[in-house]
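Residues per chain are reported as follows:
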Amino acid sequence: MMSPEFRQLEELCGAPLSPAWLQMQQDYPAELTQALRVDEDDEISGRVSEVELLQCPASILQINLEARSGPVFTPENKAFDWPAELLVIGESGDGDYFCIDLRDEVHGVVQFVSQTSRFEQLTDTLDEYVEMLIMAFCEDAETEDELN
């Protein structure tokens, strides 16, 4: 059964949620729920499941409402509306969003780069994105454990 937040997301995006993404949410990678992220510039910490790949349905709904709360401005001060079909699944912590295209016109994960207001394909599949996060946030911790 789908959560009320996920039903709201389908309405907000005007498209059904991706079966692959729903499956990933159901079988969320355990290592990412434990993986700590640290931004060395300002010492913001948290878990990967709270930022780069959101796990909480309420947080996912909230970030999607935030992305659509008003026009997005480019560096040239041109405004555009957030594309309805792009579901935000996480963020970088410094203004970038990670998204999937619910119409599957762009495969994998797309990154909205806030500095340029451009969308760039980050990975070819959602699985590649998850693997990228595990490599970035979990392998260092495993190496440290092995050294201790």
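Residues numbered from 1 in each chain as written. Predicted model: local features only at pLDDT ≥ 70, side-chain atom pairs only at ≥ 80, totals over all residues. Heavy atoms only, no water.

## Comments concerning the overall build of the protein
Alright, step 1. Secondary structure summary: the protein contains six helices and eight strands in total.
Alright, step 2. Starting at the N terminus and walking to the C terminus, you meet the elements of the protein as α-α-α-β-β-α-β-β-β-β-β-β-α-α.
Alright, step 3. Each of the 148 residues in the protein was classed as buried or not, and the buried ones make up 41%.
Alright, step 4. In the protein, of all internal contacts separated by at least 6 residues, the share reaching a separation of at least 24 is 45%.
Alright, step 5. Of the roughly 8,700 Å² that the protein leaves accessible, carbon and sulfur atoms contribute 48%. (Helix = DSSP H or I, 4+ residues; strand = E, 2+ residues; numbered from the N terminus. Buried < 20%, exposed > 50% of the residue type's maximum accessible area, 1.4 Å probe, protein only. Contact = heavy atoms within 4.5 Å. Areas by Shrake-Rupley, 256 points an atom, 1.4 Å probe, with all protein chains shown as cover.)

## Quick notes on the layout of surface pockets
The rolling of a water-molecule-sized probe over the atoms marks out the regions of remaining empty space.
Alright, step 1. Here the largest pocket defines a volume of roughly 210 Å³.
Alright, step 2. Together, 16 residues line the largest pocket, and Ser18, Ala20, Ile100, Asp101 and Asp104 are the ones closest to its centre.
Alright, step 3. For the lining of the largest pocket, the secondary structure elements donating two or more residues are helix 2 (19–26) and strand 6 (97–101).
Alright, step 4. The element that contributes the greatest number of residues to the lining of the largest pocket is helix 2, accounting for three residues. (1 Å grid on protein atoms, 1.4 Å probe; cavity = no way out; pocket = protein on both sides within 12 Å on 5 of 7 lines; lining within 4 Å. Points joined across faces, edges and corners; volume = space filled by probe spheres on them.)

## Observations concerning the packing of aromatic side chains
Alright, step 1. The final tally for this structure, using the stated rule, is eight aromatic pairs.
Alright, step 2. For the ring pair Phe6 and Trp21, a centre distance of 5.1 Å and an interplane angle of 55° mean the geometry is tilted. One end of the pair, Phe6, is in helix 1 (residues 4–13); the other, Trp21, is in helix 2, with 15 residues separating them in the sequence. (Phe/Tyr/Trp six-rings, centres within 6.5 Å; stacked < 30°, edge-to-face > 60°.)

Distances and angles like these do not, on their own, reveal function.
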